[in-house]
Amino acid sequence: MTKQVENNEKKIADESYRSISIVLDSLDALVYVSDMEAYEVLLANAYGRSIWGDIRGQTCWKVLQTDQDGPCSFCTNNRLLDETGAPAGVYVWEFQNTVNKRWYQCRDLAIRWIDGRLVRLEIATDITDRKAIEEELLAAKKYAEELSQKDELTGLNNRRVFFERGHNILELAKRSGHSVSVIMMDIDHFKMTNDKYGHAVGDKVLQAVAEPLKRIVREIDIVARIGGEEFAFVLPETCLEDATIMAERLRAEIENLVVTNNEHQIKITASFGLVACEDGNIGIDALLANADEALYIAKRNGRNQIKKYH
Ligand SMILES: Nc1nc2c(ncn2[C@@H]2O[C@H](COP(=O)(O)OP(=O)(O)OP(=O)(O)O)[C@@H](O)[C@H]2O)c(=O)[nH]1
């Protein structure tokens, strides 16, 4: 090759490099190339240099991230090659950079560099705004889901959740053979409280009653406000005897509650109907109807007491 041909080829190569650099430097995304073994940064475009400085020639895990004392645990290099060690195609992932805390969608690819070695090419686009919107949407969805399951006044589960989860618990019990108990609880003479002190004070009583219920039930139990002053429980893996002990605890706690309204102290009591299902062969509706029947007897017998369904 003559000197002139050699010079021409170098000129073309230099011009091509400059043209490509202009294109890369005008991108609103990080583009960098690093050696896959030595982790040396071989190329970083203007976007990258504006955030991480002129990192060319430096070790990627030292300059692109903070607090690394070796190659990053989340480095994707091992995903970029197939089992024969050849480039395996594009790997796309999302990541929050530890230096500027911005979120990036990264497109990583192993390629052969001009000198033949394998290098990693990453093109990373800032997706921080999209991530923020996604997080807001997720939080709003979670909040809406929670609202759709809760009774607004007391924060307990609502009627729909009671029947849904109660049904599921009974289905499980059918397979496991464990007994399930259902308690129905109704505040005594609640109409009188409303009539005497007003609806807002009635609401305060309902909220006060809900507190010991939340505290006493186990993680696996379902407690719900299923009507005005009616509450119901599904207690998995609980026999009638244990349900009675729990209902008695609840009854005593409610009897000791005092809700104050100006100078008045409002005393509250509640009645309970209990039923147990030993084999899961009954629906939640029927079980609740049986508990309600027992509750009716508790009311008729003078209230502030527990009755079991027979
Ligand atoms: N404050 C308030 N009252 C409610 C709510 N839902 C229903 N109620 C009232 O609850 C009362 C229920 O009255 P009843 O069904 O006659 O029962 P009770 O007075 O408790 O009598 P017993 O159950 O027989 O002891 C009614 O006055 C309803 O208006 C609510 O969300 N807030």
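Basis of the calculations
Residues numbered from 1 in each chain as written. Predicted model: local features only at pLDDT ≥ 70, side-chain atom pairs only at ≥ 80, totals over all residues. Buried ≥ 20, exposed ≤ 12 C-beta atoms within 10 Å, placed from the backbone. Helix = DSSP H or I, 4+ residues; strand = E, 2+ residues; numbered from the N terminus. Pairing = 2+ DSSP bridges. UniProt positions renumbered as here; feature names shortened; annotations may be inferred. Near = placed C-beta within 6 Å. Nonpolar A, V, L, I, M, F, W, Y, C, P; charged D, E, K, R; others polar. Axes fitted to C-alpha atoms, helices over the stretch in contact; angles between N-to-C directions. Left-handed = near helix turned anticlockwise from the far one by under 90°. Contact = placed C-beta atoms within 7 Å.

K.L.:
So what exactly am I meant to see when it comes to the pairing of strand β7 (residues 222-225) here?
P.N.:
Side chains on a regular strand alternate between the two faces of the sheet. Burial of the side chains of β7 extends over both faces: I222 and A224 are buried on one face and V223 and R225 on the other. Relative to strand β8 (residues 230-235), β7 is paired through four bridges, and the arrangement is antiparallel. Note on β8: the bridge partner recorded for A224 is A232. From the end of β7 to the start of β8, which pair antiparallel, there are four residues.

K.L.:
It is not clear to me how the UniProt feature "coiled-coil region" (unreviewed entry) in the protein chain should be interpreted in this structure. Could you clarify?
P.N.:
Per the UniProt entry, the sites bearing "coiled-coil region" (unreviewed entry) are residues 240-267 in this numbering. Split by type, residues 240-267 is 57% helix and 29% strand. Its first and last C-alpha atoms lie 28 Å apart.

K.L.:
Any chance you could explain the site of the ligand here in plain terms?
P.N.:
Taken together, 17 residues surround the ligand, and among them D188, F190, K191, G202 and G228 come closest. Secondary structure elements with two or more residues in the shell around the ligand: β6 (180-187), α6 (190-197) and α7 (199-216). Looking at side-chain class alone, the shell around the ligand contains five nonpolar, five polar and seven charged residues.

K.L.:
Sorry, what's going on with the packing of α7 against helix α8 (residues 240-255) here?
P.N.:
Geometry of a packed helix pair, given as the angle between the helix axes and the separation of the axes. Their axes nearest at 10 Å, the elements α7 and α8 cross at an angle of 145 degrees. In terms of crossing hand, the pair formed by α7 and α8 is right-handed. Taking contact as the criterion, the partners of V209, P212, L213 and I216 in α7 are, on α8, M246, R249, L250, E253 and I254. Class assignment of the residues belonging to the contact of α7 with α8 gives a composition of seven nonpolar, no polar and two charged.

K.L.:
Can you walk me through the environment of G202 in this structure?
P.N.:
Checked against the element boundaries, G202 lands in helix α7. Looking at G202, the number of C-beta atoms within 10 Å reads 22, which means it is buried. It is 9.3 Å that separates the C-alpha atoms of G202 and M192, two residues lying 10 residues apart in sequence. Setting aside residues up to four positions removed in sequence, G202 forms contacts with F190, T193 and N194.

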